[in-house]
Amino acid sequence: MLGVSALLLSGCSAGAGEADSNTLKLWHFESDTSAMGIAWEEAIKVFEEETGATVEFEEKSFEQIRSTASQVLNSNEAPDILEYNKGNATAGLLASQGLLSDLDDDYAEYGWDDALAPSLQTTARYDEDGIMGSGAFYGVPNYGEFVEMYYNKDMFAAAGLEVPTTVAELETVMKAFTDQGITPLAESAAEYPLGQLWYQLALTKADRSFVDDYQLYTGDVDWSGPEVTYATETIKDWTDAGYISTDASGFKAEDAGTAFINGTYPIFYSGSWWHNRFTTEATGFEWGTFLFPEAEMSPGSAGNMWVIPEKAKNKDLAAQFIDITMRPEIQALIGNNGGIPVAADTSDITDAKSQELIGNFNTLTERDGIAFYPDWPTATFYDELNAGLQELINGSKSPAEINEQLGGQYTSGVDDIVG
């Protein structure tokens, strides 16, 4: 996969399980054309040149790592370093089981905490119960992600519209499109986009304490309070006004994204992970991005993390490799290839669209505006939120009924976690 002097392992290589003090066994699931894949290929080259060690890279899929991590990391087959998903149900669970190395000493030695905004550190730290936000560091994220507004500049210009700076202006823009017979928002209720819009609307009325209560279980969430009530009622109002199509109840994220690419809808609220795809596929019109109006916070987080298994045989080499991926020149490769670096020198980012993307992300991190994702609190809430919003936009349940339903599901799931 990567064009380096790495040995691709088949999983049954000779000497499996034996320690080699001059070999770093590495797993990750990024494609070799992704921003992270490109940057990490270069990091491997630098690592081998500087240390004289060899990287043994084993290609794994996200699902392979997710489904086998507990078993593999508890065996002598554990790699020295791997990319792993952040969150209570993933990295937190492994940390609570004693399968990941405490990285506090490495953070102190390399100064990684100085490179990461506080909200980006949240998903790298876990307490003894595996709950994110406090305790020791168990991972190092070196890229970020967040949700923003993508818009079709050509459609805006043809309609004589400008980028909105308030929610009222956004509604005026959307009404102007509906008056022309154009549904303004590309949406999907069968998968994540509508759930993230719902959460973003709640965030326009929220503060950090609401996010901490919702995500970190620091207090009770009022499911009839102003944040959730506004979010659910606004989704219903926008559907009734024609800003969101009722057909979105059956659309998946891919349907919404490709409809934006095809120029069917002028606005798509979704994640930074679409950015590089739009750069290569949305070639029939000019497009741009902006943060959701009047919101200090938006959904987002640090990206997946480098973790070092507790049973890793070469922990020092693993830490050295992580530190290389945090260098400005490696971070710039992430930034100039459609990713969001967490520690880049902004002057090294030369692509205009990448500058805009990273600028929006930096604006959020500078104001502590990364608020994670709506489905994170429980293992089942992603499906429950999508199902509730489908019922909301197809009119089978009222906003109050949806809030009561979601509140019960959320509370039940959290109770299973914290007791």
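Everything numeric in this text was worked out from a predicted model, so none of it was measured.

A. How the structure looks around the pairing of strand E9 (residues 267-271). Of all five residues in E9, five are buried; the element is thus mostly enclosed. Pairing of strand E7 (residues 144-152) with E9 involves five bridges; the strand directions are antiparallel. Bridging across to E9, Glu148 finds its partner in Ser270. The pairing of strand E8 (residues 185-186) with E9 spans two bridges and is classified as parallel. Residue Ala186 lies in a different strand from E9, and its bridge partner there is Phe268.

B. Main features of the pattern of salt bridges. As enumerated under the stated definition, the model contains 11 salt bridges in all. Notably, a salt bridge pairs Asp368 with Arg208, separated by 3.4 Å at the nearest N-O pair. You can see Asp368 sitting in the loop between helix H16 (352-366) and helix H17 (381-393) and its partner Arg208 sitting in helix H10 (residues 208-216), a full 160 residues away along the chain. Under the relative-accessibility criterion, Asp368 is labelled partly exposed at 33%.

C. Geometry of the domain arrangement of the chain. Looking at the chain, the domain boundaries give domain 1 (23-143 + 303-344) and domain 2 (145-300 + 372-418). The gap between the C-alpha centroids of domain 1 and domain 2 is 30 Å. Counting residues at the interface gives 11 residues for domain 1, matched by 10 residues for domain 2. For the pair domain 1 and domain 2, the summed buried surface comes to about 1000 Å²; carbon and sulfur atoms form 68% of the total. Summed over the three residues of domain 1 that lose the most area to domain 2, namely Ile131, Met132 and Ile340, the buried surface amounts to 39% of that side.

D. Quick peek at the packing of H17 against helix H18 (residues 399-418). Direction vectors running N to C along H17 and H18 enclose 170 degrees, while the axes themselves pass 10 Å from each other. The orientation of H17 with respect to H18, classified from their angle, is roughly antiparallel. In this structure, H17 uses Phe381, Glu384, Leu385, Gly388, Glu391 and Leu392 to contact H18, whose residues at the interface are Pro399, Ile402, Gln405, Leu406, Gln409 and Tyr410. Here the residues of the contact of H17 with H18 sort into seven nonpolar, three polar and two charged.

E. Representation of a negative patch on the surface within the structure. On the surface, a cluster of negative charge is made up of Glu42, Glu49, Glu329, Asp345 and Asp348. You can see Glu329 is positioned in helix H15 (residues 328-336).

F. Fine view of the sheet that holds strand E6 (residues 140-141). Sheet architecture is open: five strands sit in the order E2-E1-E3-E12-E6, paired in mixed fashion. Because the sheet does not close on itself, it has two edges, and the strands there are strand E2 (54-59) and E6. On top of the sheet, helix H2 (residues 62-72) reaches strand E1 (23-28), E2 and strand E3 (81-84); it is set at about 130 degrees to E3, its chief contact.

G. Main features of the pairing of strand E10 (residues 287-290). Residues Trp287 and Thr289 of E10 are buried on one face, and the alternating residues Gly288 and Phe290, pointing to the opposite face, are buried as well. With four bridges joining them, E7 and E10 adopt antiparallel strand pairing. Looking at E10, one finds that Tyr150 is bridged to Thr289.

The rules behind these values
Residues numbered from 1 in each chain as written. Predicted model: local features only at pLDDT ≥ 70, side-chain atom pairs only at ≥ 80, totals over all residues. Heavy atoms only, no water. Buried < 20%, exposed > 50% of the residue type's maximum accessible area, 1.4 Å probe, protein only. Helix = DSSP H or I, 4+ residues; strand = E, 2+ residues; numbered from the N terminus. Pairing = 2+ DSSP bridges. Salt bridge = Lys/Arg side-chain N within 4 Å of Asp/Glu carboxyl O. Domains from an automatic or database assignment. Contact = heavy atoms within 4.5 Å. Buried area = accessible area lost by both parts, 1.4 Å probe. Axes fitted to C-alpha atoms, helices over the stretch in contact; angles between N-to-C directions. Parallel < 35°, antiparallel > 145°, perpendicular 65-115°, else oblique. Nonpolar A, V, L, I, M, F, W, Y, C, P; charged D, E, K, R; others polar. Patch = residues over 30% accessible without salt bridge, like charges linked within 9 Å, V, L, I, M, F, W, Y side chains within 5 Å. Areas by Shrake-Rupley, 256 points an atom, 1.4 Å probe, with all protein chains shown as cover. Lys, Arg positive; Asp, Glu negative; His and termini not counted. Charge placed at Lys NZ, Arg CZ, Asp CG, Glu CD.

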